[in-house]
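Report on the structure
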Amino acid sequence: LACALAGSTRETKFLIFGHHIDVMDEIQFRVLEGAGGGRDGGCDGDAALGYVRIDGSTPALLRQDLVRKFRSDPECKCALLSVTAAGVS
């Protein structure tokens, strides 16, 4: 996943859906924030990637702003979404 994100074109965006908060936390820490980029992920570089996260703890009023940021900000390449908070069931 880290390699795909790091090697993607500027126009490419990723949606990552998770069900368990612990798993989402690990994806955020190891992949999106660059903690595992070069060391564990097998990719060069350890720069953090632009992303948004929407889960049950995200205030409802903030969710639309995060969606807007993901859609309009070219540096925001990934949305990490809880399946329940993102309306997927």
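Going by the structure above, here's the rest.
A quick note: this is a predicted structure, and the numbers were derived from the prediction, not measured.

Some remarks on the packing of aromatic side chains
As enumerated under the stated definition, the model contains zero aromatic pairs in all. K13 extends its terminal NZ or CZ atom over the ring of F70, reaching a point 4.9 Å from the ring centre.

Digging into the side chain of R53
Looking at where R53 falls in the secondary structure, it is placed in strand β2 (residues 50-54). We classify R53 as buried; its relative accessible area is 15%. A polar contact of 2.9 Å, which involves the side chain of R53, links it to the side chain of D25. There is a polar contact of 2.5 Å between the side chain of R53 and the side chain of Q28. Discounting chain neighbours no more than four positions away, the residues touching R53 are I21, M24, D25, Q28, T58, L66 and L80.

Here's the deal with the nonpolar core
By size, the foremost hydrophobic cluster in this structure holds 11 residues: A2, L5, F14, I16, M24, I27, V31, L32, Y51, C78 and L80. When residues of this core are traced back to their parent elements, those giving at least two are α1 (2-7), β1 (14-18), α2 (21-32) and β3 (76-82). Sorting elements by how many residues they give to this core places α2 first, with four residues. Filtering out sequence-adjacent residues up to four positions away, I27 remains in contact with L1, I16, L32 and L80.

What counts, and where the lines are drawn
Residues numbered from 1 in each chain as written. Predicted model: local features only at pLDDT ≥ 70, side-chain atom pairs only at ≥ 80, totals over all residues. Heavy atoms only, no water. Phe/Tyr/Trp six-rings, centres within 6.5 Å; stacked < 30°, edge-to-face > 60°. Lys NZ or Arg CZ within 6 Å of the ring centre and 35° of its normal. Helix = DSSP H or I, 4+ residues; strand = E, 2+ residues; numbered from the N terminus. Buried < 20%, exposed > 50% of the residue type's maximum accessible area, 1.4 Å probe, protein only. Polar contact = N/O pair within 3.5 Å; in protein donor to acceptor, adjacent residues only side chain to side chain. Contact = heavy atoms within 4.5 Å. Core = buried A, V, L, I, M, F, W, Y, C linked by side-chain atoms within 4.5 Å.

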